[in-house]
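Summary of the model geometry
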Amino acid sequence: MKIAVFHNYMDNIGGAEIVGLVLARELKADIYTTNIDSEKIKKMGFEDVLPRIFSIGKVPINAPFKQQFALWKFRFLNLKNKYDFYIIDGDWAMSGAVNNHPNLWYVHSPIREIWDLYEYTKKNVVPFFLRPIFDLWVFCNRYLNKKYAKKVDNFVCNSENTKQRLKKFLGKDSIVINPPIDTKKFYFKKNGGYWLSVNRLFYHKRIELQLNAFSNLPDEKLIIVGSYEKSKHFQDYANYCQKIKPKNVEIKNWVSQPELVELYAGCKGFLATTNNEDFGMNVVEAMASGKPVIASNEGGYKETI
């Protein structure tokens, strides 16, 4: 079968993007996206997939324009039966279901900033004077999200947690298929002299909890592998983390896949603090490396740890 994968953007590679890249590799599928960072894709070990990644046009780097333009571009994407099947692997790319059938939406989560993290985003990310505009933006996108969801033929979720969210917010039933994780490439090396955390540097990842904890543990060391996008919200939070970071914490902005595997192999344990995590591929990778995990007792972490 000829398969196409739709993903919002490929300029910052996190768990959702890795799922899309793995699907493309294993199913010999093409990826349609907006912004592309080829170097990051290579560093994560997906150089072989690069020739099959196509941009449907760049979008701005700052929210909410980045999200809105991605939604708009996928809404009018019509590949005219060029493929036998379409897999949507992204929340803002789900509008691609309108013109491309048969399709399946692999749901990492219904759009978090307009649904379960609406209040959190409004309080922690949106400036006070912009909150009325944010409310209007949320109202419009909730309407569009429900409208486009009706065009999805099949729903698959990455966790029971996400399945419950999808039912609650969009009223859709789904089956659960956990994300593909190549656990065999991770291994135990030693219980080294540092703790590890791997996540995007963004508000709902709650990195400040980790930084505050280690400011009270001066004899312990923490390495945070934290990628962030070039947009203002990401950079503001990354700067905030650098500002409150104690001396015993090191933040690495970006590492390659082999470096990441080594960091897992040599740490003494792993920390995860995301607010109601969808699934949490990083904690599975840590456990595949033979390491204990300390995580907040919520979300997808409760299904794996």
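Located above this text is the structure these notes cover.
Attention here is on the structure that accompanies the text. (Residues numbered from 1 in each chain as written. Predicted model: local features only at pLDDT ≥ 70, side-chain atom pairs only at ≥ 80, totals over all residues. Heavy atoms only, no water.)

Neither face of strand β9 (residues 222-225) is open: one carries L222 and I224, the other I223 and V225, and all of them are buried. Note: β9 against strand β10 (residues 249-252), 4 bridges, orientation parallel. Counterpart to L222 in the pairing with β10 is V249. (Buried < 20%, exposed > 50% of the residue type's maximum accessible area, 1.4 Å probe, protein only. Helix = DSSP H or I, 4+ residues; strand = E, 2+ residues; numbered from the N terminus. Pairing = 2+ DSSP bridges.)

Our next topic: the side chain of E285. Along the chain, E285 falls in helix α10 (residues 281-288). Buried charge E285 goes without a salt bridge, the closest partner of opposite sign being K185 at 6.1 Å. (Lys, Arg positive; Asp, Glu negative; His and termini not counted. Salt bridge = Lys/Arg side-chain N within 4 Å of Asp/Glu carboxyl O.)

A few words on the nonpolar core. By size, the foremost hydrophobic cluster in this structure holds 45 residues, and its most contacted members are L21, L196 and F270. Leave out the neighbours within four places in its chain, and L196 touches L222, I223, V225, L263, Y264, C267, G269, F270 and L271. Grouped together as the second largest cluster of nonpolar side chains are 37 residues, Y83, M94, V107 and W115 included. (Core = buried A, V, L, I, M, F, W, Y, C linked by side-chain atoms within 4.5 Å. Contact = heavy atoms within 4.5 Å.)

This paragraph deals with the sheet that holds strand β2 (residues 30-33). Pairing in this open sheet of 7 strands is parallel, and the strands run β3-β2-β1-β4-β5-β6-β7 from one edge to the other. Looking at which strands have only one partner, the edges of the open sheet turn out to be β3 (53-55) and β7 (175-176). Sheet topology places strand β1 (residues 3-6) next to strand β4 (residues 85-88); 4 bridges connect them, and they run parallel. Bridged to A4 within β4 is Y86.

Attention now moves to the packing of aromatic side chains. Overall, the coordinates contain 18 aromatic pairs when judged by the stated rule. Note on Y32 and F54: the rings are 5.6 Å apart at their centroids and 35 degrees apart in plane angle, and the pair reads as tilted. Separated by 22 residues along the polypeptide, Y32 in strand β2 and F54 in strand β3 bring together distant segments of the chain. On the accessibility criterion, F54 (35% relative accessible area) is partly exposed. Here W105 and F155 contribute two aromatic rings whose centre-to-centre distance is 6.1 Å and whose plane-to-plane angle is 55 degrees, an arrangement assigned as tilted. Of this pair, W105 sits in strand β5 (residues 103-107) while F155 sits in strand β6 (residues 154-157), and the two are 50 residues apart along the sequence. Take W105: its relative accessible area is 1%, and that puts it in the buried class. Following the ring pairs from residue to residue traces out a cluster consisting of F6, Y32, F54, F74, Y83 and Y86. The ring of F76 is capped by R75, whose NZ or CZ atom sits 4.9 Å from the centre of that ring. (Phe/Tyr/Trp six-rings, centres within 6.5 Å; stacked < 30°, edge-to-face > 60°. Lys NZ or Arg CZ within 6 Å of the ring centre and 35° of its normal.)

All right, on to a nonpolar patch on the surface then. Taken together, F65, F69, W72 and F76 make up a surface patch of nonpolar side chains, about 470 Å² in accessible area. With relative accessibility at 52%, the residue F76 sits in the exposed group. (Patch = residues over 30% accessible without salt bridge, like charges linked within 9 Å, V, L, I, M, F, W, Y side chains within 5 Å. Areas by Shrake-Rupley, 256 points an atom, 1.4 Å probe, with all protein chains shown as cover.)

Quick look at the pattern of salt bridges now. Overall, the coordinates contain 17 salt bridges when judged by the stated rule. With its nearest N and O atoms 3.6 Å apart, the salt bridge here joins R165 to D116. Here the residue R165 occupies a position in helix α6 (residues 160-170), and D116 occupies one in the loop between β5 and α4 (118-124), the gap between them amounting to 49 residues. Close ionic contact of K189 with E262 constitutes a salt bridge, the shortest N to O distance being 3.0 Å. One end of the pair, K189, is in the loop between β7 and β8 (195-198); the other, E262, is in helix α9 (residues 257-266), and 73 residues separate them in sequence. According to the relative accessible area criterion, K189 is partly exposed, its value standing at 49%. Beyond isolated ion pairs, a larger network of salt bridges with shared partners links R112, D116, R165 and D278.

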